[in-house]
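One letter stands for each residue in the lines below.
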Amino acid sequence: PASDSADPHLPNLKISIPPHIASLLQPSMRAAVPAAIDRAIREIITAVVERSVTISCLTTKEMVTKDFALEPEPEVVRQAAQYMVKSLAGSLARVTCREPLRISM
């Protein structure tokens, strides 16, 4: 359950199983599957996000410094860096968490 989470900053997850999948599960498993998914996510999310953000920030700094070296407007550089780090961190987290989630569930 959400209250067992070590990180109080994580929101309560609303996990639902599509009806066509739920119909394949035994009734006793219908409640266990969302709980297992919730627990698996909570076990890995903090480490995955921290790692992804760290790598994305370092990569973005190098790329933006090179690509925007002649840009006179600091706001343009800042906005480009924000977009890039968001995109990189999200993509890296998604790729990084697939296998640990599969193993954890």
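Here the residue numbers are simple positions, counted from 1 along each chain's written sequence. Residue-level local features of this predicted model are given only where pLDDT is at least 70; pairs of side-chain atoms are given and counted only at 80 or more, and the full residue set underlies all totals for whole chains, interfaces and linings. To get the side-chain values, take all heavy atoms of the structure and skip hydrogens and water.

## Observations regarding the overall build of the chain
Counted only if it meets this: Each helix is a run of H or I in the DSSP string that is no shorter than four residues. Each strand is a run of E no shorter than two, and both are numbered from the N terminus. The quantity called the radius of gyration is restricted to C-alpha atoms. Its globule counterpart is 2.2 Å times the number of residues to the power 0.38. Exposure classes here rest on a 1.4 Å probe applied to the protein chains alone. A residue is buried below 20% of its type maximum, exposed above 50%, and partly exposed in between. Areas reported here follow the Shrake-Rupley algorithm with a probe of radius 1.4 Å; residue values treat only the protein chains shown as occluding.
Across its full length, the chain holds 3 helices and 0 strands. Ordered by position in the sequence, the α and β elements of the chain form the string α-α-α. Its C-alpha atoms give the chain a radius of gyration of 19 Å, more than 25% over the compact-globule value 13 Å for 105 residues. Its C-alpha atoms put the chain at 65 × 30 × 20 Å along the principal axes. Within the chain, the fraction of its 105 residues that count as buried is 16%. Here the chain displays about 7900 Å² of accessible surface, and carbon together with sulfur accounts for 64% of that area.

## Some thoughts on helix H2 (residues 27–67)
The condition is simple: To estimate how far a helix should extend, the number of its residues minus one is multiplied by 1.5 Å. Any two residues whose heavy atoms approach within 4.5 Å are treated as being in contact.
With 41 residues, H2 ought to run about 60 Å at 1.5 Å a step, and its terminal C-alpha atoms sit 56 Å apart, in line with that. Every buried residue belonging to H2 is among Pro 34, Asp 38, Ala 40, Arg 42, Ile 44, Val 48, Ser 52, Ser 56, Thr 60 and Val 64, and all of these are buried. Contacts from the buried residues of H2 go to helix H3 (74–104).

## Quick notes on the pattern of salt bridges
Selection criterion: One side-chain nitrogen of Lys or Arg within 4 Å of one carboxyl oxygen of Asp or Glu is enough to make a salt bridge.
Summed over all chains, the structure comprises 4 salt bridges. In this structure, Arg 42 and Asp 38 form a salt bridge, with 3.0 Å as the shortest nitrogen-oxygen distance. Highlighted residues: Arg 42 and Asp 38, both in helix H2, separated by 4 residues, approximately one helical turn. A salt bridge links Asp 67 to Lys 66; its shortest N-O distance comes to 3.5 Å. The partly exposed category is assigned to Asp 67, whose relative accessible area is 47%.

## A short note on the confidence of the model for the chain
Rule in force here: Per-residue confidence from the predictor is reported as pLDDT, which spans 0 to 100.
Confidence along the chain averages 87 in pLDDT terms, with 92% of residues attaining 70 or more. Of all secondary-structure elements in the chain, the lowest mean pLDDT belongs to helix H1 (residues 19–22), at 86, while H3 reaches the highest, 92.

## Describing the side chain of Thr 60
Inspection of the secondary structure assignment puts Thr 60 in helix H2. Owing to a relative accessible area of 4%, Thr 60 belongs among the buried residues under this scheme.

## Remarks on the nonpolar core
Formally: Grouping buried Ala, Val, Leu, Ile, Met, Phe, Trp, Tyr and Cys residues that are joined through side-chain atoms within 4.5 Å yields what is termed a nonpolar core.
Counting 6 residues, the largest nonpolar core is built from Ala 40, Ile 44, Val 48, Ala 93, Cys 97 and Leu 101. Apart from residues lying up to four places away in sequence, Ile 44 is in contact with Cys 97, Pro 100 and Leu 101.

## Quick notes on the side chain of Ser 52
Assignment of secondary structure puts Ser 52 in helix H2. With relative accessibility at 2%, the residue Ser 52 sits in the buried group. Discounting residues that sit within four places of it in the chain, Ser 52 has contacts with Ala 89, Leu 92, Ala 93 and Thr 96.

## Here we look at the environment of Ile 37
By the secondary structure assignment, Ile 37 is in helix H2. When its relative accessible area of 23% is taken as the criterion, Ile 37 is described as partly exposed. Between the C-alpha atoms of Ile 37 and Met 105, which are 68 residues apart in sequence, the distance is 6.4 Å.

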